[in-house]
Amino acid sequence: MKKPTRIVQSGRGGKYAPGMINVPVYHASTIVFPTVAELRQAVARRNAQVLYYGRRGTPTQWALADAITDLEGGAGCVLYGSGLAAITASILAFVKTGDHLLMTDSVYEPTRAFCDNVLKGLGIETTYYDPLLGGAIAGLMRPNTTIVFTESPGSLTFEIQDIPAIAAAAHAAGAVVLNDNTCASPLNLRVLDLGADVAIHSLTKYVVGHSDAMLGAAVANQANLARLQRGGYLHGHAASPDDCYLALRGLRTLEPRMKQGGATALRLANWLKQRPEVDRVLHPALPDCPGHDIWRRDFTGTSSLFSIVLKHGSDAAISAMLDGYRHFGIGFSYGGFESLVLPSNPSGVRTATTWTGPLIRFHAGLEDPDDLIADLEAGLERFNAAL
Ligand SMILES: *Cc1c(COP(=O)(O)O)cnc(C)c1O
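Here is a short report on the structure shown in this document. As the structure is a prediction and not an experimental result, all values here were calculated from the model.

Rules behind the numbers
Residues numbered from 1 in each chain as written. Predicted model: local features only at pLDDT ≥ 70, side-chain atom pairs only at ≥ 80, totals over all residues. Heavy atoms only, no water. Buried < 20%, exposed > 50% of the residue type's maximum accessible area, 1.4 Å probe, protein only. Helix = DSSP H or I, 4+ residues; strand = E, 2+ residues; numbered from the N terminus. Pairing = 2+ DSSP bridges. Right-handed = clockwise from strand over helix to strand, strands pointing away. Salt bridge = Lys/Arg side-chain N within 4 Å of Asp/Glu carboxyl O. Axes fitted to C-alpha atoms, helices over the stretch in contact; angles between N-to-C directions. Parallel < 35°, antiparallel > 145°, perpendicular 65-115°, else oblique. Left-handed = near helix turned anticlockwise from the far one by under 90°. Contact = heavy atoms within 4.5 Å. Nonpolar A, V, L, I, M, F, W, Y, C, P; charged D, E, K, R; others polar. Near = heavy atom within 4 Å. Polar contact = N/O pair within 3.5 Å; in protein donor to acceptor, adjacent residues only side chain to side chain. Areas by Shrake-Rupley, 256 points an atom, 1.4 Å probe, with all protein chains shown as cover.

## Notes on the pairing of strand β3 (residues 125-129)
Okay, step 1: For β3, the buried fraction is high: four of the five residues fall into the buried class.
Okay, step 2: Pairing of strand β2 (residues 100-104) with β3 involves five bridges; the strand directions are parallel. Residue pairing in the sheet places Met103 in a bridge with Tyr128 of β3.
Okay, step 3: Regarding topology, helix α5 (residues 109-121) serves as the crossover connection from β2 to the parallel β3, and that connection is right-handed.

Take a look at the structure:
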């Protein structure tokens, strides 16, 4: 079955509520059992889809977990209240005090903050590596390295990582590979097929798709599922049934949204590339983007995100450009139906590689691309006037 068909078919209501297209929203904490024997049976099968206690999920959570598992091609999925919770719980499921973790230098900044604060406090050391290192990561493996963490593309700087080469090196040294697949989306990269052991998503972004819920997921292959599930359970993670319903609702239109957002983003990126104010456009589908050849090999499409680096310009000029946009909202996150813009400067959060200067990240929404280009053009006029 092809992915667009899977997106429509997976995790449908009928499995749990015969005849229903969509799974109902079950609000439940306590589940009562007719007999002690039945309670004990449910306890014995607690990782199966058996009603037991609200934190273990109800059909609403199971339907979403089924769908995400199917899209990623994994053995099972754990849901969390946010994408960051999915990342931290997945890491904690695979490390203990004294272990060592290899982290891509292009990682989502809050993930870095978790490593530098929480993991450090637990006596778990993090080494950051160049995202473009590929198989040479073998040279950084230590006897106590238990996790190699990847994220491709990086969500601000868009480097594409050689996951198969990294996974081969990690597995040869006995480490597991965790991948933050949020920016790629479950549509454009089947990262478990490329060798990752756990694929992590902030469902908040492309899957929810409408900027109205926070949710995370981690999908593991068979060898690592029990450990992932146990970690999530021991930390008490749970996902709201209303938000799971919104994620299932959003998921059904993931493919056309990604297609249109991706096409618009590429059009905006190419338009900006021609502008004299723009030094570089960071978009994996452009031949000069770091890792472009790997993107062509491994990905089936692009996301709606890209960044630009301007040749020069003051903070005041950048603010004048962004403040006046009519269609690009200034804010964090991405993956919704509306266009967004985010000024950022990764310089301060790089340790294995260097990055200099500010960048501006764009998220293309579902507006007409001509309106967006007119908005970008007027913004550059404000920028030039404020220089
Ligand atoms: C947004 C994001 C997260 C965190 O997800 P939340 O749902 O906001 O907690 C993690 N990784 C990447 C790449 C993201 O873009």
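From this point on, the discussion continues.
## Concerning the pattern of salt bridges
Okay, step 1: Applying the stated criterion to the full structure yields 15 salt bridges.
Okay, step 2: Among the salt bridges present, the one from Lys259 reaches Glu255, with a minimum N-O distance of 3.0 Å. One end of the pair is Lys259 and the other is Glu255, both in helix α10 (residues 254-273) and four residues apart, which spans about a single turn.
Okay, step 3: A relative accessible area of 56% means that Lys259 is categorised as exposed.
Okay, step 4: Of the charged contacts in the structure, one is a salt bridge between Asp370 and Arg267, with a shortest N-O distance of 2.6 Å. You can see Asp370 sitting in helix α13 (residues 369-386) and its partner Arg267 sitting in helix α10, a full 103 residues away along the chain.
Okay, step 5: Looking at Asp370, the relative accessible area reads 46%, which means it is partly exposed.
Okay, step 6: One continuous salt-bridge network, built from bridges that share partners, spans Asp162, Arg297 and Asp298.

## Describing the packing of helix α3 (residues 59-72) against helix α9 (residues 241-251)
Okay, step 1: The interhelical angle for the contact between α3 and α9, taken along N-to-C directions, is 40°, at an axis separation of 8 Å. Here α3 lies oblique to α9, going by the angle between them. By crossing handedness, the relation of α3 to α9 is classed as left-handed. Facing Thr60, Gln61, Ala63, Leu64, Ala67 and Leu71 of α3, the residues of α9 in contact are Pro241, Cys244, Tyr245, Ala247, Leu248 and Leu251.
Okay, step 2: Taken together, the residues that form the contact of α3 with α9 break down as ten nonpolar, two polar and no charged.

## Some remarks on the site of the ligand
Okay, step 1: Taken together, 14 residues are adjacent to the ligand, and Gly83, Asp180, Thr204, Lys205 and Tyr334 come closest.
Okay, step 2: One of the backbone nitrogen or oxygen atoms of Gly83 is found 2.8 Å away from an oxygen atom of the ligand.
Okay, step 3: Burial of the ligand by the surrounding chains reaches 93%, relative to a free accessible area of 380 Å².
Okay, step 4: Broken down by element, the residue count for the shell around the ligand peaks at three residues, all from helix α4 (residues 83-93).
Okay, step 5: Taken together, the residues of the shell around the ligand break down into five nonpolar, six polar and three charged.

## With respect to unusual backbone geometry
Okay, step 1: In this structure, Pro153 follows Ser152 across a cis peptide bond, with omega equal to -5°.
Okay, step 2: Along the polypeptide, Pro153 turns up in the loop between β4 (145-151) and α6 (163-172).
Okay, step 3: At Phe158, a residue that is not glycine, the phi angle is positive and equals roughly 65°.
Okay, step 4: Examined against the element boundaries, Phe158 turns out to sit in the loop between β4 and α6.
Okay, step 5: With relative accessibility at 1%, the residue Phe158 sits in the buried group.
Okay, step 6: A positive phi angle is found at Ser185, which is not glycine, with a value near 75°.
Okay, step 7: Among the secondary structure elements, Ser185 is positioned in helix α7 (residues 185-188).
Okay, step 8: Accessibility expressed as a relative area gives 0% for Ser185, which makes it buried.

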